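Structure assessment
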Amino acid sequence: MFRKLEFKTWLKELSLPVRQAGLPDSGQEHKIQTYSAEEGDEALRQISASKKEIVILVDCSSEVWPQVKLNGFYLSFKNSEVGTLPPTQINRLRQILEDEEISKITHDFKTLLIALKENHIEIKGKVFDTLLAAYLLDPAKVNFSLEELSWEYLGSYSNMQLDETAKTDAVFKLKPILEAQLKEKELLELFFKVEMPLAAVLAGMELKGVKIDTGVLKELSVKMQTRTQELIEKIYALAQEEFNINSPKQLSRILFEKLKLPVVKKTKTGVSTDEEVLNKLASQHPLPAMLLEYRQLVKLTSTYIDALPELINPSTGRVHTSFNQTGTETGRLSSSSPNLQNIPIKTELGRRIRRAFVASNQNFSLLCADYSQIELRILAHLSGDENLIRAFKKDEDIHKLTASLIFNQKITEVTNEMRDTAKRVNFGIIYGISAYGLAKDLGVGQEKAQDFIDAYFLRYPKVRNLCDAQIKKARKDGFVTTILGRRRYLPQINSANNTLRQFAERQAINAPVQGSAADLIKLAMINIQRGLDRKKLQSRLTLQVHDELVFDCPDAEVNQMQELVRQTMENVLPLSVPVKVSITAGKNWLDAH
DNA sequence: CTATCCTGCAA
DNA sequence: TATTGCAGGATAG
């Protein structure tokens with residue numbers, strides 16, 4: 001079946017030999033032929049003169065990679081293969097791709113841009129990406145391959161992988177269909193003003209990457225190895241035998257059979273040994289606490305401390321994350337290889353890992369810009385709740401306000417503990433609260449949790465109205481929308497199965513909030529990049545973590561950047577509450593926070 | 001070798 | 001049985 005392709009090979013040096021070029025033999029079907037360099041040149045000349053819309057594809061799953069296919073023509077380029085494209089052909093190709101009058105259709109624009117960047121070729125003119133179009137039409141889809149889209153939109157199913165010609169044809173045929181559906185669903189503006197330009201911004205971010213200080217990691221690695229070894233020995237001693245600590249199965253035998261500790265909860269296949277369980281057992285035996293430390297150490301070592309250096313591109317000395325623009329159902333980005341959106345921050349060891357993410361050199365700093373409570377502000381905007389709006393307008397401590405409302409106390413009498421509870425309730429609302437979930441998070445009974453929820457809705461009545469309205473809309477229309485009209489379909493919303501239906505109801509509440517926040521930051525990224533280009537600054541956007549942007553800036557630009565970034569992020573879309581951004585700078589990702 | 005489970009990190 | 005993700009290691013087939 002489908003397998004996600006990780007796109008890590010783009011770093012390889014690229015030459016551009018023309019391997020094959022094909023001309024349409026009857027207008028509809030494209031026949032692939034092998035051309036000589038001179039014939040290839042003539043083919044390119046014809047495209048250039050015709051000004052017709054062309055299809056350009058990069059296929060990184062193919063042995064021949066990357067390939068650039070032009071409608072009616074088929075050109076494939078292979079990395080470091082014998083021979084290079086004659087200069088006249090490179091120029092012809094550039095002429096076509098940089099021709100404002102020639103519209104382009106792509107499937108995965110971001111990857112194409114990265115491939116071409118190596119050859120110093122840009123894309124100009126109107127671009128339509130079938131991948132991004134299909135994503136907006138149905139973000140729940142996991143597979144956006146041309147095989148899948150052909151089946152869905154063209155009604156032509158094939159078990160087999162489409163060959164290059166068939167893919168070109170598919171893209172060519174998909175475009176008008178997808179465009180018409182975008183129009184019908186009022187997604188064209190989101191498509192052309194947000195997702196398409198964002199693809200170019202993401203290409204730039206991936207190319208730029210982020211610098212890693214391997215010295216910091218190396219030092220940590222040595223320390224962690226020593227400590228892990230100590231822990232392993234202590235654990236074996238307490239268990240009175242050696243076993244695989246990483247195996248939940250073997251571990252549960254030690255904990256629950258040999259040491260006879262009480263079973264706290266079960267998983268599908270056995271007895272649970274997760275963090276929650278070990279925390280509860282910690283008061284009864286010294287082993288669980290050691291296991292917790294061991295787990296944290298092993299996790300952080302294998303996932304970051306030892307893994308990050310392996311991901312450094314030797315030719316740039318930097319880590320180049322992949323930002324997936326079609327990976328979430330709400331409109332957020334996801335990141336992989338490495339996933340930079342879950343680098344630890346809460347524990348001391350985690351923070352040390354953040355120290356390894358550094359600015360380009362000693363004359364540069366990392367600038368972090370965080371949206372402050374963006375999801376709650378969006379909740380205020382979408383619901384129109386007076387209490388929330390007033391609080392944000394006065395820049396009050398929103399968690400403290402919620403505490404005073406649900407505990408019925410004066411603001412001045414709110415304790416830290418009350419504030420913490422209120423903060424969790426605020427988060428719960430955004431997730432589409434349930435008494436069960438909130439109770440688990442707060443560590444209280446379900447009745448108590450339900451009291452908090454009732455008190456919350458009593459004090460923020462319009463938030464309840466919003467939740468009800470979103471669920472109602474989902475039932476009626478089958479989807480909910482964000483501020484920019486991004487859709488999320490919720491087919492389970494009318495399910496007879498309570499669990500499934502309630503899950504969909506929570507998603508109906510969460511998706512517009514999470515998705516609108518994604519809309520905002522995506523637009524901000526595009527606008528900031530335009531500002532950087534216009535002002536010809538050397539600062540570069542390198543990371544996005546949902547509500548945070550990280551820039552690599554020359555120290556001389558830091559002040560100017562703060563202003564540009566703040567202004568852009570705070571004013572990207574007018575909400576009925578102020579949007580607040582906090583900005584900090586430092587030599588590494590930790591100090592920049 | 002691939003798929004799935006368990007675990008745990010982030011916003 | 002709180003939302004959205006990615007990833008490593010163990011294990012089953």
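Here the residue numbering is sequential within each chain, running from 1 through the sequence in written order. Note on labels: chains are lettered from A, ligands numbered from 1, in written order. pLDDT decides what is reported in this predicted model: residues at 70 or higher carry local features, side-chain atom pairs at 80 or more are listed and counted, and totals for whole chains, interfaces and linings draw on all residues regardless. No hydrogens and no water enter the side-chain calculation; it runs on all heavy atoms of the structure.

Some thoughts on the overall build of chain A
Note the following rule: Each helix is a run of DSSP H or I of at least 4 residues and each strand a run of E of at least 2, with the numbering of both proceeding from the N terminus. For every residue, the accessible area obtained with a 1.4 Å probe (protein chains only) is divided by the maximum for its type, and the residue is called buried under 20%, exposed over 50%, and partly exposed between those limits. We call two residues contacting when some pair of their heavy atoms lies within 4.5 Å. Residue-level accessible areas treat just the shown protein chains as cover; the underlying method is Shrake-Rupley with a 1.4 Å probe.
Looking only at helices and strands, chain A has 22 helices and 19 strands in total. Every one of the 593 residues in chain A was classed for burial, and the buried ones make up 51%. Here the contacts in chain A between residues at least 6 apart in sequence split such that 64% fall between residues at least 24 apart. As presented, chain A carries roughly 28,000 Å² of accessible surface, and 49% of it is formed by carbon and sulfur atoms.

Quick look at the packing of aromatic side chains
Rules: Any two of the Phe, Tyr and Trp rings considered here, Trp counted by its six-membered ring, make a pair once their centres fall within 6.5 Å; the pair's planes then place it as stacked at under 30 degrees, edge-to-face at over 60, or tilted in between.
Counted according to the given criterion, the structure contains 10 aromatic pairs. Centroid distance phenylalanine 357 to tryptophan 589: 5.3 Å. Interplanar angle 65 degrees. Geometry classified as edge-to-face. In this pair, phenylalanine 357 sits in strand 13 (residues 357-358) while tryptophan 589 sits in the segment after strand 19 (581-586), placing the two residues 232 residues apart along the sequence. Overall, phenylalanine 357 belongs to the buried group, its relative accessible area being 0%. By relative accessible area, which is 0% here, tryptophan 589 ends up buried. Measuring from ring centre to ring centre gives 5.4 Å for phenylalanine 479 and tyrosine 489, while their planes differ by 55 degrees; the resulting arrangement is tilted. Of the two residues, phenylalanine 479 is situated in strand 15 (residues 479-481) and tyrosine 489 in strand 16 (residues 487-489); the sequence distance between them amounts to 10 residues. The exposure class assigned to phenylalanine 479 is buried, which follows from its relative accessible area of 10%. Assessed through its relative accessible area of 23%, tyrosine 489 is described here as partly exposed. Aromatic ring contacts, followed pair by pair, group Phe128, Phe191 and Phe192 into a single cluster.

Remarks on the sheet that holds strand 17 (residues 540-544)
In plain terms, the rule: In short, DSSP must find at least two bridges between two strands for them to pair. A fitted line through C-alpha atoms serves as each axis, taken over the contacting stretch for helices, and the angle formed by two N-to-C directions is quoted from 0 to 180°.
With respect to topology, four strands assemble into an open sheet ordered 17-18-14-19, the strand pairing being antiparallel. With partners counted over all chains shown, the strands left at the sheet margins are strand 17 and strand 19, one partner each. Strand-to-strand twist in this sheet, taken as the mean axis angle between neighbours without regard to direction, amounts to 25 degrees. When strand 14 (residues 364-371) meets strand 19, the two strands line up antiparallel, connected through six bridges. The partner of leucine 367 across the bridge, within strand 19, is alanine 585. Here helix 7 (residues 188-208) sits on the sheet in contact with strand 17 and strand 18 (548-554), set at roughly 95 degrees to strand 17.

Considerations on the protein's contact with DNA strand C
Cut-off, in case you're wondering: We define proximity as follows: a residue is near a molecule or strand when any one of its heavy atoms falls within 4 Å of that partner. Definition of a polar contact: a pair of N or O atoms within 3.5 Å, with one able to donate and the other able to accept a hydrogen when the atoms are protein atoms, and with sequence-neighbouring residues admitted only if both atoms are side-chain atoms. Classification convention: Asp, Glu, Lys, Arg as charged; Ala, Val, Leu, Ile, Met, Phe, Trp, Tyr, Cys, Pro as nonpolar; all other residues, Gly among them, as polar.
Not every one of the 37 residues close to DNA strand C is listed here, only the nearest: Ser247, Asn339, Gly428, Tyr436 and Asp441. Backbone sugar and phosphate groups make up 74% of those atoms of DNA strand C lying within 4 Å of the protein. Separating a phosphate oxygen of DNA strand C from a side-chain N or O atom of asparagine 244 is a distance of 3.1 Å. Take asparagine 342: an N or O atom from its side chain is 3.2 Å from a base nitrogen of DNA strand C. At the level of elements, helix 9 (248-258), helix 11 (286-305), strand 12 (334-336), helix 17 (416-430), helix 18 (435-442) and helix 21 (498-534) are the ones that each hand at least two residues to the surface near DNA strand C. If you tally residues by element for the surface near DNA strand C, the top one is helix 21, at six residues. In the surface near DNA strand C, the residues fall into five nonpolar, 21 polar and 11 charged.

A closer look at the protein's contact with DNA strand B
Near DNA strand B you find 20 residues, and of these Thr273, Glu275, Asn342, Ile345 and Asp547 are the closest. Take the atoms of DNA strand B that sit within 4 Å of the protein: sugar and phosphate atoms are 76% of them. Contact distances for DNA strand B include 2.8 Å between a phosphate oxygen and a backbone N or O atom of glutamate 275. Residues of the surface near DNA strand B, tallied by class, amount to five nonpolar, seven polar and eight charged.

A few points about helix 9
Quick reminder of the rule: Working definition: the arc comes from the directions between the helix axis and the C-beta atoms, pointing outward to the latter.
Of the residues making up helix 9, those classed as buried are Leu251, Ser252, Ile254, Leu255 and Phe256. Buried residues of helix 9, seen end-on, are gathered within an arc of 160 degrees and therefore sit on one face of the element. Exposed positions of helix 9 whose direction lies more than 90 degrees from the buried face are Lys249 and Glu257. Tucked inside the fold, the buried residues of helix 9 contact helix 8 (214-239), helix 10 (275-281) and helix 11. One or two residues past the end of helix 9 sits lysine 260, with phi positive at roughly 55 degrees.

A few points about the packing of helix 4 (residues 130-137) against helix 7
The axes of two packed helices give the description: the angle between them and the distance between them. Heads up, the condition is: Orientation labels follow simple angle bins: below 35 degrees gives roughly parallel, above 145 gives roughly antiparallel, 65 to 115 gives roughly perpendicular, and whatever is left gives oblique. Here is the rule for handedness: rotate from the far helix to the near one, and if that takes an anticlockwise turn smaller than a right angle the crossing is left-handed, while a clockwise turn gives right-handed.
For the pair helix 4 and helix 7, the least separation of the axes is 10 Å and the interaxial angle reads 130 degrees. Relative to helix 7, helix 4 is oriented oblique. For the pair helix 4 and helix 7, the crossing hand works out as right-handed. Side by side, helix 4 and helix 7 meet where Leu132, Ala133 and Leu136 of the first sit next to Leu190, Phe191, Glu195, Met196 and Ala199 of the second. Here the residues of the contact of helix 4 with helix 7 sort into seven nonpolar, no polar and one charged.

Comments concerning the pairing of strand 17
Burial of strand 17 is extensive: four of the five residues sit out of reach of the surface. Examined bridge by bridge, strand 17 and strand 18 share four bridges and lie antiparallel to one another. Bridging from a neighbouring strand, glutamine 544 pairs with leucine 549 of strand 18. Linking strand 17 to strand 18, which pair antiparallel, is a turn of three residues; within it histidine 546 sits at a positive phi near 65 degrees.

Structural notes on the domain arrangement of chain A
So the rule is basically this: Each domain span listed reflects an automatic or database assignment of domains.
Domain annotation for chain A reports domain 1 (8-208), domain 2 (212-319), domain 3 (328-380 + 471-593) and domain 4 (386-459). Using C-alpha coordinates to define each centre, domain 2 is positioned 35 Å away from domain 4.

Here's the deal with the confidence of the model for chain A
Cut-off, in case you're wondering: Along the chain, pLDDT gives the predictor's confidence residue by residue, from 0 to 100.
Taken over all residues, the pLDDT of chain A has a mean of 87, while the share at 70 or more is 86%. Of all helices and strands in chain A, the one with the weakest mean pLDDT is strand 1 (residues 21-24) (34), whereas helix 22 (residues 558-570) scores best (98). Counting interchain partners and residues more than four positions distant, the pLDDT-below-50 stretch residues 61-67 has 36 contacts.

So, unusual backbone geometry
The peptide bond linking serine 337 to proline 338 adopts the cis configuration, its omega dihedral lying at 0 degrees. Even without glycine at this site, aspartate 108 takes up a positive phi of about 90 degrees. Mapped onto the secondary structure, aspartate 108 falls in the loop between strand 6 (104-106) and helix 3 (109-117). Of note, asparagine 408 is a non-glycine position whose phi angle comes to about 55 degrees, a positive value. As for its placement among the helices and strands, asparagine 408 is situated in the loop between helix 16 (398-406) and helix 17.

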